[in-house]
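# Remarks on the overall topology
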Amino acid sequence: MAKKPALSCAFLIDGINLSGDIREVALGRPSALLDATAINSAAMERLYGPVDGRMAVVCFFNDATDRAHLTLRTKPAANRVAVFLEGATIGNMAAGLTAKQMNYDPQRGADGSLTIPVECLADGFGLDYCEQLTAGLRTDTAATNGASWDNGAATSLGLAAYLEVTAFTGTSVTVAIQESSDNAVGDPFAAVVGGAFAAASAAGAQRIATAAGLAVERYLRVVTTGIFTNAIFSVVATRSPVI
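Residues numbered from 1 in each chain as written. Predicted model: local features only at pLDDT ≥ 70, side-chain atom pairs only at ≥ 80, totals over all residues. Heavy atoms only, no water.

### A look at the overall build of the protein
Secondary structure assignment for the protein yields one helix and 17 strands. For the protein, whose C-alpha radius of gyration is 20 Å, the value lies close to the compact-globule estimate of 18 Å for 243 residues. Per-residue burial for the protein yields a buried fraction of 40% across its 243 residues. Across the protein, the fraction of contacts at a sequence separation of at least 24, relative to all contacts at a separation of at least 6, is 75%. As displayed, the protein offers around 11900 Å² of accessible surface, 55% of which is attributable to carbon and sulfur atoms. (Helix = DSSP H or I, 4+ residues; strand = E, 2+ residues; numbered from the N terminus. Rg over C-alpha atoms; globule rule 2.2 N^0.38 Å. Buried < 20%, exposed > 50% of the residue type's maximum accessible area, 1.4 Å probe, protein only. Contact = heavy atoms within 4.5 Å. Areas by Shrake-Rupley, 256 points an atom, 1.4 Å probe, with all protein chains shown as cover.)

And the structure:
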């Protein structure tokens with residue numbers, strides 16, 4: 001991939017779009033190292049152990065909306081679901097994390113600025129590096145079959161996916177991922193087994209994962225069904241999930 005600027009990015013957490021109040025984002029998926037040195041080795045040998053994950057952001061204190069402050073100050077005991085979007089194009093890089101929010105530490109700079117570093121550490125699953133299955137945040141006003149993403153080839157490791165619903169009006173919306181081997185030229189799109197999110201009736205976020213050895217076809221698309229007049233959401237997925 002060629003170098004490119006990280007402009008027009010987004011950071012979503014628990015169905016809330018904090019992008020306008022975020023100065024920087026740091027992502028990480030470190031692994032523990034296990035010492036496993038044989039007696040015939042001249043130095044340490046190490047194997048990869050459990051995978052971890054981290055998302056860290058620095059927020060501006062924005063007294064016009066207080067969105068970041070009101071969202072992050074509570075530091076809930078429950079898991080948070082966070083998603084980072086690079087640009088707003090299907091297939092662009094993204095990352096998703098189910099995590100505990102570790103801190104909320106406002107800092108006043110010598111210049112009078114007030115910023116808040118916040119770190120989220122993985123809980124149960126490591127950081128998933130993903131691709132966008134919607135072009136950033138997508139708006140559906142009725143049941144919709146979205147545009148497809150071409151992975152270039154089928155895979156056989158299953159997938160994990162994240163849904164962030166930032167606004168909703170209606171009864172409920174079900175967001176699901178479908179697959180095709182040839183973009184429906186001869187093989188119609190059909191549901192990915194285990195690739196449907198629970199029906200949503202309000203803003204919020206979810207992570208799902210299919211069976212680890214599931215075959216996933218080359219093309220994927222996001223479809224919506226339900227009774228609603230407005231659903232604003234993003235879906236990202238990885239074909240090599242941390243399961």
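Next, the rest of the story.
### So, unusual backbone geometry
Even without glycine at this site, Asp14 takes up a positive phi of about 55°. With respect to the secondary-structure elements, Asp14 resides in the loop between strand 1 (10–13) and strand 2 (16–17). Assessed through its relative accessible area of 25%, Asp14 is described here as partly exposed. Although it is not a glycine, Ala184 adopts a positive phi angle of roughly 70°. Looking at where Ala184 falls in the secondary structure, it is placed in the loop between strand 14 (160–180) and strand 15 (190–196).

### Describing the nonpolar core
Formed by 23 residues in total, the largest nonpolar core has its most connected members in Leu133, Val175, Ile177, Leu220, Phe233 and Val235. Those elements that provide at least two residues to this core are strand 14 and strand 17 (219–238). If near-sequence neighbours (up to four positions away) are discounted, Phe233 is found in contact with Thr134, Gly136, Leu137, Arg138, Asp140, Leu163, Glu164, Val165, Val175, Val222 and Thr224. One finds Phe11, Ile22, Met55 and Ala99 within the second-largest nonpolar core, a separate group that totals 19 residues. (Core = buried A, V, L, I, M, F, W, Y, C linked by side-chain atoms within 4.5 Å.)

### A short note on the packing of aromatic side chains
Scanning all chains against the criterion turns up one aromatic pair. A ring pair is formed by Phe168 and Phe228, whose centres lie 6.3 Å apart and whose planes are at 40°; its orientation type is tilted. Here the residue Phe168 occupies a position in strand 14, and Phe228 occupies one in strand 17, the gap between them amounting to 60 residues. You'll find Phe168 and Phe228 in the same group, each marked buried. Over the face of the ring belonging to Phe125 we find Arg207, whose NZ or CZ atom lies 4.0 Å from the ring centre. (Phe/Tyr/Trp six-rings, centres within 6.5 Å; stacked < 30°, edge-to-face > 60°. Lys NZ or Arg CZ within 6 Å of the ring centre and 35° of its normal.)

### Some details on the side chain of Thr71
By the secondary structure assignment, Thr71 is in helix 1 (residues 67–72). Thr71 sits in the buried class, given a relative accessible area of 8%. Setting aside its immediate chain neighbours within four residues, Thr71 contacts Ile13, Ile16, Leu18 and Arg80.

### Observations regarding the pattern of salt bridges
Under the counting rule described, the total for this entry stands at eight salt bridges. Across the pair Asp128 and Arg207 runs a salt bridge, and its minimum N-O distance is 3.0 Å. Within this pair, whereas Asp128 is found in strand 11 (residues 128–132), its partner Arg207 is found in strand 16 (residues 204–209), the two being separated by 79 residues in sequence. Taken individually, Asp128 and Arg207 each receive the classification buried, so the pair is uniform in this respect. Notably, a salt bridge pairs Asp140 with Arg138, separated by 2.9 Å at the nearest N-O pair. By the burial criterion, Asp140 is buried, and Arg138 matches it. (Salt bridge = Lys/Arg side-chain N within 4 Å of Asp/Glu carboxyl O.)

None of the figures reported here should be taken as evidence of function without further support.
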